[in-house]
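# Residue-level structure breakdown
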Amino acid sequence: MAVSKQQADERIDAMLATGQRLFGENRVQEAQTRWSPRREAVPDLKLRLIGPLQSNKAVDAVALFDAIDSLDRPKLAAALADAVQKLGRSPELLVQVNTGEEPQKAGVAPGEADAFIKAARESYGLNVSGLMCIPPADEEPAMHFALLAKIAARNGLRELSMGMSEDFETAIRFGATQVRVGSALFGARG
Ligand SMILES: *Cc1c(COP(=O)(O)O)cnc(C)c1O
């Protein structure tokens, strides 16, 4: 996945010209502005939301994205279930796990992940296909990737979105099925 947040239009269009079709964005509105005008010209475009989602933006997110990788709380699960009903469109869903239990970071705590995944599936009827994590910036990422893979395995989830520019090779060694690479592809954001 090419993470296109905060990148200039020329870089986006150059990336599209290479044939890249899968892009990640962390804000609904920024993604709408960037991608709505390009959608028609690129019918096989795939967009994933990799940033936190407010429940009042669930309808907009379900309308725009092919996948939402940041499901992490019951209120959002309820809002997504409503949006899926309303729009008749079911983006792929990943549960974000806050593997480092960092207070400023989104994601369900590792100890609550199993119960939350079960509730998302059974109480809200959501089709969760995997997990996503963003390890703490100042820690060795390997143990976080291993933890995410373990939680996924015991819940029968196949997709593991883990690894960014600095650590995607490690993430692949630990079983990543998707890596989210921004600056290493596009250059620094700004
Ligand atoms: C910005 C972002 C990335 C990409 O980060 P790089 O270090 O530029 O590769 C990946 N995942 C998430 C959730 C992000 O917000």
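The model shown is predicted, which means the values in this text are computed figures rather than measured ones. (Residues numbered from 1 in each chain as written. Predicted model: local features only at pLDDT ≥ 70, side-chain atom pairs only at ≥ 80, totals over all residues. Heavy atoms only, no water.)

### Remarks on the pattern of salt bridges
What counts is decided by this rule: A pairing counts as a salt bridge when a side-chain nitrogen of Lys or Arg comes within 4 Å of a carboxyl oxygen of Asp or Glu. Exposure categories follow from relative accessible area, calculated using a 1.4 Å probe and restricted to protein chains: below 20% of the type maximum is buried, above 50% is exposed, and the middle band is partly exposed.
In total, this model carries 14 salt bridges according to the counting rule given. Of the charged contacts in the structure, one is a salt bridge between Arg-34 and Glu-25, with a shortest N-O distance of 2.8 Å. Of the two residues, Arg-34 and Glu-25, both sit in the buried class. The structure contains a network of salt bridges with shared partners spanning Asp-9, Asp-13 and Arg-38.

### Topic: the site of the ligand
Applied cut-off: Residues are counted as near a molecule or strand when any one of their heavy atoms sits within 4 Å of it. Polar contact criterion, stated in full: a pair of N or O atoms within 3.5 Å, where within protein one must be able to donate a hydrogen and the other to accept it, and residues adjacent in sequence count only if both atoms are side-chain atoms. Computed with the Shrake-Rupley method and a 1.4 Å probe, the accessible areas treat only the protein chains shown as cover for residues. The residue classification treats Ala, Val, Leu, Ile, Met, Phe, Trp, Tyr, Cys and Pro as nonpolar and Asp, Glu, Lys and Arg as charged. All others, Gly included, are polar.
Taken together, the neighbourhood of the ligand is formed by Val-3, Lys-5, Ile-50, Ile-134, Met-164, Ser-165, Arg-180, Val-181, Gly-182, Ser-183 and Arg-189. Lys-5 places a side-chain nitrogen or oxygen 2.6 Å from an oxygen atom of the ligand. In this structure, Ser-183 approaches the ligand through a main-chain N or O atom, which is 2.7 Å from an oxygen atom. When isolated, the ligand has an accessible area of 390 Å², and the protein chains bury 90% of it. A class-by-class count of the residues in the shell around the ligand yields five nonpolar, three polar and three charged.

### Comments concerning the packing of aromatic side chains
Let me state the cut-off plainly: Here is the rule: rings of Phe, Tyr and Trp (six-membered ring for Trp) pair when centre to centre is within 6.5 Å. Planes less than 30 degrees apart are stacked, more than 60 are edge-to-face, and the remainder are tilted. In DSSP terms, a helix is any run of H or I states spanning at least four residues, a strand is any run of E spanning at least two, and both are numbered starting from the N terminus. Placement of a charge over a ring requires the Lys NZ or Arg CZ to be within 6 Å of the ring centre, with the centre-to-atom vector within 35 degrees of the ring normal.
Taken as a whole, this structure holds one aromatic pair when the rule is applied. Consider the rings of Phe-23 and Trp-35, whose centres lie 4.6 Å apart with planes at 40°: the pair is tilted. On the criterion of sequence distance, the pair formed by Phe-23 in strand S2 (residues 22-25) and Trp-35 in helix H2 (residues 28-39) is long-range, its members being twelve residues apart. The ring of Trp-35 carries Arg-38 above its face, with NZ or CZ at 6.0 Å from the centroid.

### Describing the nonpolar core
Our working definition: We define a nonpolar core as any set of buried Ala, Val, Leu, Ile, Met, Phe, Trp, Tyr and Cys residues linked to one another through side-chain atoms lying within 4.5 Å. Contacts are assigned to residue pairs that have any heavy atoms within 4.5 Å of one another.
If you look at the biggest cluster of nonpolar residues, it comprises 50 residues, and the most contacted ones within it are Phe-23, Phe-65, Ile-68, Leu-71, Leu-80, Val-95 and Leu-131. The dominant element in this core, judged by the number of residues it contributes, is helix H4 (residues 74-87), at six residues. Beyond its immediate stretch of four places on either side in the chain, Leu-80 contacts Leu-53, Ala-58, Val-62, Ile-68, Leu-71, Leu-93 and Leu-126.

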